[in-house]
Structures are given as C-alpha cells and as structure tokens.
Amino acid sequence: MSKAPKLKSCVITNNIRKLRFHANEMTQQELADKTGVTRQTIVAIENGKYFPTLELAFRIAALFNTPLEDVFIVRFS
Amino acid sequence: MESKEKLSLLSVASSALITGGYSIYVYSNYISGQETVLNDFSFWGKAFLVLIPVSIVAHIVLHIVFAIGNKIVTNEDLETATDERDRHIELKAVRISHWVFIAGFLLAMISQAAGMPVWVMFVLFVLSGFMASTASEIAKIIYYRRGI
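Described in the following lines is the structure provided in the data block. Just so you know, these numbers come straight off a predicted model, no measurement behind them.

## Comments concerning the overall build of chain B
Turning to step 1, where the next piece is worked out: Along chain B, the regular secondary structure elements total four helices and zero strands.
Turning to step 2, where the next piece is worked out: Helices (α) and strands (β) of chain B occur, in sequence order from the N terminus, as α-α-α-α.
Turning to step 3, where the next piece is worked out: Each of the three principal axes of chain B carries a C-alpha extent, and together these read 50 × 30 × 20 Å.
Turning to step 4, where the next piece is worked out: Among the 148 residues that make up chain B, the fraction classed as buried is 18%.

Structure (structure tokens):
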C-alpha cells in the first residue's frame, strides 16, 4: 500500500512567461487587459509574488487555451 | 516603483503634514497661553470635527498636485485601476490599521483609568489615528514589494 503524500507545504511556479512567448510574444499589458487585471498583477504573478484567485487562474489558462496545470505547477514537499 | 507604492508614500507624507500642521495651528491659536481649554470637551469636539473636512480636502489637493507633478517628471499617468491583488492588499492593510487603532484606543482608556487629564485621551486618539493610517500605508508598500 503506497504512502499518502504529505500536503503540508507546496511550491507553486508558473509558465506564464513561456506561454506569453509562444502566444506571439504577448506583452504583459496585453495579458493584463485580456484578463481584466493590472500589468503589475501580471508581473507579480510571473515573479511568484502573488498567487491569483482560482477565477483569474482559470481566465489565464483559458486565454492560452491550456489546462490549468500547464500554467501553474505545484510541487508538494 | 509601482504607482500604488507612490500613492501610499504620498498618503504617509500627507497624513504627517496635515496632522502635524493642524496640530501646530490648533496649539498656537487656541491652546498656547490658555491651557484650561485642554480639559474642555467642547473644544476637542470642535477640533476633531474641523480636522475631518480639512484632512479630506488637503488629501485631495495633495493627490492632484502629486499626479500633475508625476506626469510632468515621468510622463506617465498614475495607475488608479484596482484589481483582486489590490483589494487583497487593502484588506490586509486595513486589518493592521484596525489593530493599531485599537491599541491606541486601549491606551487612551488606560490613561483615563489611571486618572490622567482628559487631554491625554484626546491626544492619544489623534496619535493612534495617525499611527493607524501610517501603519496601513506602510503595510501596503511592504505587501506590494514583498508579495502576498
């Protein structure tokens, strides 16, 4: 029987910068405008200084036509 | 520096300017030489009631002057739109300011329980209001820089 993983802490990273690059080098401002937030919020998310709400996370994923888990990557420790 | 950080710094500076300036004005015009007024509730009531509109108008004027100055110097408009991150930071900052004001309120009540003059309580109210506002703005700057 496999041991259940400990889910006490996790590290969340994201691929937004890469996804923007593959989406015709979309700018942070364009992404901000399309998702209804400020550019500073996009900057903070990309730098891991802010974790968006589920709603915004889904909006970003939908914009890139990508599953959520390809935009945000979680690693449990 | 983000626009929101600049606005928070402006708020700290303008709060210090307005509270300090108003306190000096009231002291030199109404208190200096006639210290008996310090224990007059009517005096403190009027002083607080006048401070509110003076503070609002002064904040608006300073904000407009800062926005014009910022546009001239950086050729950029101040970002005033808010989103979920701003609201999150605002909530955390308001919580901190409430705690600071409650601490000031408790100190004011303790001063009265200890038999200190009435003016000590009112001065503590002014100070705790100023400290609460400053703590809130400093917390915002820290959250914008460090992240939440």
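Next, the rest of the story.
## Let's talk about the overall build of chain A
Turning to step 1, where the next piece is worked out: In terms of helices and strands, chain A carries five helices and two strands.
Turning to step 2, where the next piece is worked out: Across chain A, helices and strands are ordered from the amino to the carboxyl terminus as β-α-α-α-α-α-β.
Turning to step 3, where the next piece is worked out: Taken over the C-alpha atoms alone, chain A extends approximately 50 × 20 × 20 Å along its principal axes.
Turning to step 4, where the next piece is worked out: By residue count, 21% of the 77 residues in chain A fall in the buried class.
Turning to step 5, where the next piece is worked out: Contacts spanning at least 24 positions in sequence make up 58% of the contacts within chain A whose residues lie at least 6 apart.

## A short note on the interface of chain A and chain B
Turning to step 1, where the next piece is worked out: Of the residues lining the interface, nine residues belong to chain A; the matching set on chain B comes to eight residues.
Turning to step 2, where the next piece is worked out: For the side of chain A that touches chain B, the leading source of residues is helix H3 (residues 39-46) of chain A, giving three residues.
Turning to step 3, where the next piece is worked out: Considering only residue class, the side of chain A that touches chain B consists of four nonpolar, four polar and one charged.

## Quick word on the packing of helix H3 (residues 84-113) of chain B against helix H4 (residues 118-146) of chain B
Residue and element names in this part refer to chain B.
Turning to step 1, where the next piece is worked out: Packing of H3 against H4 brings their axes to within 8 Å, and their N-to-C directions diverge by 160 degrees. Between H3 and H4, the interaxial angle falls into the category roughly antiparallel. In this structure, the crossing between H3 and H4 has a hand that is right-handed.
Turning to step 2, where the next piece is worked out: Of the residues in the contact of H3 with H4, the class split is 21 nonpolar, eight polar and two charged.

## Some remarks on the environment of Trp119(B)
All names here are of chain B.
Turning to step 1, where the next piece is worked out: One can find Trp119 in helix H4.
Turning to step 2, where the next piece is worked out: Distance in space between the C-alpha atoms of Trp119 and Thr80 is 39 Å, their sequence separation being 39 residues.
Turning to step 3, where the next piece is worked out: Look past the residues within four positions of Trp119 in its chain and what remains in contact with it is Leu38 and Asn39.

## Description of the environment of Phe58(A)
Residues and elements named next belong to chain A.
Turning to step 1, where the next piece is worked out: Counting through the fold element by element, Phe58 comes out in helix H4 (residues 54-63).
Turning to step 2, where the next piece is worked out: Judged by the 14 C-beta atoms lying within 10 Å of it, Phe58 is partly exposed.
Turning to step 3, where the next piece is worked out: Spatially, the C-alpha atom of Phe58 lies 24 Å from that of Lys8, the residues being 50 residues apart in sequence.

## A closer look at the nonpolar core
Residue and element names in this part refer to chain A.
Turning to step 1, where the next piece is worked out: Listed in full, the ten residues of the largest apolar core are Ile16, Leu31, Val37, Ile42, Ala44, Ile45, Tyr50, Leu56, Ile60 and Val71.
Turning to step 2, where the next piece is worked out: Every element with two or more residues in this core is listed here: H3 and H4.
Turning to step 3, where the next piece is worked out: Among the elements that make up this core, the one with the highest residue count is H3 (three residues).
Turning to step 4, where the next piece is worked out: Leave out the neighbours within four places in its chain, and Ile60 touches Ile16, Thr35 and Val71.

## What about H4(B)?
Turning to step 1, where the next piece is worked out: For H4(B), with 29 residues, the first-to-last C-alpha span of 41 Å sits near the 42 Å given by 1.5 Å per residue.
Turning to step 2, where the next piece is worked out: At the C-terminal side of H4(B), Gly147(B) shows a positive phi close to 95 degrees.

## Considering unusual backbone geometry
Residues and elements named next belong to chain A.
Turning to step 1, where the next piece is worked out: Positive phi, close to 60 degrees, is recorded for Asn24, a residue that is not glycine.
Turning to step 2, where the next piece is worked out: Even without being glycine, Asn65 reaches a positive phi, approximately 55 degrees.
Turning to step 3, where the next piece is worked out: Among the structural elements, Asn65 can be located in the loop between H4 and helix H5 (68-71).
Turning to step 4, where the next piece is worked out: C-beta crowding within 10 Å serves as the criterion here: with 8 such atoms nearby, Asn65 is assigned to the exposed category.

Thresholds applied
- Starting from 1, residues in each chain are numbered consecutively following that chain's sequence as written.
- Throughout, the order in which chains and ligands are written sets their labels, letters from A for the former and numbers from 1 for the latter.
- In keeping with the predicted nature of the model, local features appear solely for residues at pLDDT of at least 70, side-chain atom pairs appear and are counted solely at 80 or more, and the whole-chain, interface and lining totals rest on all residues.
- Strands here are runs of E lasting at least two residues and helices are runs of H or I lasting at least four, both read from the DSSP assignment and numbered beginning at the N terminus.
- To sort residues by burial, count the other C-beta atoms lying within 10 Å of each one's C-beta; a count of 20 or more means buried, 12 or fewer means exposed, and anything in between means partly exposed. C-beta atoms are built from the backbone.
- Here contacts are defined at the residue level, using C-beta atoms placed from the backbone and a cut-off of 7 Å between them.
- Classification used: nonpolar for Ala, Val, Leu, Ile, Met, Phe, Trp, Tyr, Cys and Pro, charged for Asp, Glu, Lys and Arg, polar for all others including Gly.
- Axis geometry follows a simple rule: fit a line to the C-alpha atoms, using only the stretch in contact for helices, then measure angles between N-to-C directions, giving values from 0 to 180 degrees.
- Roughly parallel here means an angle under 35 degrees, roughly antiparallel means over 145, roughly perpendicular means 65 to 115, and every remaining angle is called oblique.
- By definition, any crossing whose near helix is turned counterclockwise from its far helix by less than a right angle is left-handed, and any crossing with a clockwise turn is right-handed.
- Core membership is restricted to buried Ala, Val, Leu, Ile, Met, Phe, Trp, Tyr and Cys residues, and these are joined into a nonpolar core through C-beta atoms within 7 Å.
- Every helix has an expected span of 1.5 Å times one less than the residues it contains.

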